[in-house]
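# A look at the structure
Below, each chain spelled out in residue letters.
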Amino acid sequence: MKRIFAVLLLILIFIAGCFSDSPEPLTDYSFSLTWGTYGISSYDSRTGRLVKTTDATNPEDYITTLILTEEQKSEIGAILAELDFDEYPEVYNPNASLASSPSMSLILTVQTGGNTYRIAAEDIAQGFESDHRQGQAFLDCCRGIIELLTESEEWKALPEYEFLYD
């Protein structure tokens, strides 16, 4: 009886996995992301170059190298897989009806499967909330990657921001 139950349980798990809404994580990809007020922060996974800010007296003090672990790559691959890149124009505003001063920029470039996708949301309202499903998906993707990068020891080892924005 226990064997039959175990086999049935395995079959149910397999079937549930076949109908999962979550897409397969990207595995063979590279990406770059520019973010923040005026787009002062950035990361490029091909080079590992992580920039906390370009707005400083000595910007080179705010640059380091972050080579992603396999776990981090997998996590970002899962985040990126949630976006249908073909849905987005190259220039995009997830909240076209909103503005802020200062503004922020989010520029995401992903290379996978021989394709390059670029979504540039420049000079957009500060914040990671959108009234649109597509806009929210893009903002969630960027926020997830930013959180992973800014939680790294490499980011935390960089100096505090020299200039802050209201």
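For the structure given in this document, a descriptive report is provided here. (Residues numbered from 1 in each chain as written. Predicted model: local features only at pLDDT ≥ 70, side-chain atom pairs only at ≥ 80, totals over all residues. Heavy atoms only, no water.)

On to the packing of helix α2 (residues 70-81) against helix α3 (residues 133-150), then. Packing of α2 against α3 brings their axes to within 9 Å, and their N-to-C directions diverge by 170°. Compared by their axis directions, α2 and α3 come out roughly antiparallel. Where α2 abuts α3, its residues Gln72, Glu75, Ile76, Ile79 and Leu80 lie against Cys141, Gly144, Ile145 and Leu148. (Axes fitted to C-alpha atoms, helices over the stretch in contact; angles between N-to-C directions. Helix = DSSP H or I, 4+ residues; strand = E, 2+ residues; numbered from the N terminus. Parallel < 35°, antiparallel > 145°, perpendicular 65-115°, else oblique. Contact = heavy atoms within 4.5 Å.)

This part is about the sheet that holds strand β4 (residues 63-65). Strand order across the open sheet formed by 6 strands is β4-β3-β2-β1-β5-β6, with antiparallel pairing between neighbours. The sheet is open, and its two borders are formed by β4 and β6 (115-124), each paired with just one other strand. Direction aside, the axes of adjacent strands within the sheet are offset by 10° on average. Pairing between strand β1 (residues 29-35) and strand β5 (residues 104-112): 6 bridges, direction antiparallel. Its bridge partner being in β5, Phe31 is matched across the sheet by Val110. Together, β1 and β5 form the strand contacts of α2, whose direction differs from that of β1 by roughly 75°. (Pairing = 2+ DSSP bridges.)

Turning our eyes to something else, we now look at the nonpolar core. Counting residues in each nonpolar core, the largest one holds 34 residues, and the members touching the most others are Phe31, Trp35, Leu80, Leu106, Leu108, Phe138 and Ile145. When residues of this core are traced back to their parent elements, those giving at least two are β1, α2, β5, β6 and α3. Sorting elements by how many residues they give to this core places α3 first, with 8 residues. (Core = buried A, V, L, I, M, F, W, Y, C linked by side-chain atoms within 4.5 Å. Buried < 20%, exposed > 50% of the residue type's maximum accessible area, 1.4 Å probe, protein only.)

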